[in-house]
Amino acid sequence: MQVKRWLIFLVLLAGVVSASVGLVYTKHINRKMFVELNGLQKSRDRMMTELGQLQLEHSTWSTHGRVEKIARQQLRMSNPRFDAVEIIRR
């Protein structure tokens, strides 16, 4: 009878120890993934900020006035004369 109690005690002790180790391991993995998630969210936020800045820069560089100014100064382009314009209809 005494041996049977010790056997039950050891089985229960092994179960408690294995559950504790599993819990500690799960907590560790959870914390590790949480830290990785925070890093990825910070990276996403930096990229979203950079995207906004690039979109603003793109819209600034591609304004009609700027494009026209470059066309006139660097490419020496100008509006065609009225009599040089031809309208084609189908």
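Residues numbered from 1 in each chain as written. Predicted model: local features only at pLDDT ≥ 70, side-chain atom pairs only at ≥ 80, totals over all residues. Heavy atoms only, no water.

## A short note on the overall build of the chain
The condition that has to hold: Think of it this way: any DSSP run of H or I at least four residues long counts as a helix, any run of E at least two long counts as a strand, and we number them from the N terminus. Throughout, radius of gyration means the C-alpha value; the globule benchmark is 2.2 Å times the number of residues raised to the power 0.38. Using a 1.4 Å probe on the protein chains alone, a residue whose accessible area is under 20% of its type maximum counts as buried, one over 50% counts as exposed, and one in between counts as partly exposed. To be clear on the numbers: accessible area is Shrake-Rupley with a 1.4 Å probe, and residue cover counts the displayed protein chains and nothing else.
Broken down by element type, the chain carries 2 helices and 0 strands. Computed over C-alpha atoms, the radius of gyration of the chain comes to 36 Å, more than 25% over the 12 Å expected from 2.2 N^0.38 for 90 residues, which places it beyond the range of a compact globule. With the C-alpha coordinates aligned to their principal axes, the bounding extent of the chain is approximately 115 × 35 × 15 Å. Taking all 90 residues of the chain together, 2% fall into the buried category. Of the roughly 9,400 Å² of accessible surface on the chain, 64% is carried by carbon and sulfur atoms.

## Things to note about the pattern of salt bridges
Spelled out, the test is: The salt bridge definition used is simple: a Lys or Arg side-chain nitrogen within 4 Å of an Asp or Glu carboxyl oxygen.
The full count for this structure, using the stated rule, is 3 salt bridges. Its salt-bridge partner being Glu 68, residue Arg 72 comes within 2.8 Å of it at the nearest N-O pair. Taken together, the residues span about one helical turn, with Arg 72 and Glu 68 both in helix H2 (residues 64-73) at a distance of 4 residues. According to the relative accessible area criterion, Arg 72 is partly exposed, its value standing at 39%. In this structure, Arg 81 and Asp 83 form a salt bridge, with 3.3 Å as the shortest nitrogen-oxygen distance.

## Let's talk about unusual backbone geometry
One non-glycine residue, Arg 76, lies in the positive phi region at around 55 degrees. Turning to its location among the elements, Arg 76 is positioned in the segment after H2. For Arg 76, a relative accessible area of 72% corresponds to the exposed category.

## Some thoughts on the packing of aromatic side chains
Rules: Stacked, tilted and edge-to-face are the three classes applied to pairs of Phe, Tyr and Trp rings, where Trp contributes its six-membered ring and a pair requires centres within 6.5 Å; stacked means planes under 30 degrees apart, edge-to-face means over 60, and tilted covers the rest.
Scanning all chains against the criterion turns up 1 aromatic pair. Ring centres 5.8 Å apart and planes at 90 degrees place the aromatic pair Trp 6 and Phe 9 in the edge-to-face group. Residue Trp 6 and its partner Phe 9 are located together in helix H1 (residues 2-61), separated by 3 residues, close to a single helical turn. With relative accessibility at 46%, the residue Phe 9 sits in the partly exposed group.

## Comments concerning a nonpolar patch on the surface
Operational definition: Patch membership requires over 30% relative accessible area and the absence of a salt bridge. Like charges are linked within 9 Å, and nonpolar side chains (Val, Leu, Ile, Met, Phe, Trp, Tyr) within 5 Å.
A cluster of nonpolar residues, Trp 6, Phe 9, Leu 10, Leu 13, Val 17 and Val 21, forms a patch on the protein surface that exposes about 600 Å² of accessible area. Summarising the element assignment, Leu 10 is placed in helix H1. Leu 10 sits in the partly exposed class, given a relative accessible area of 47%.

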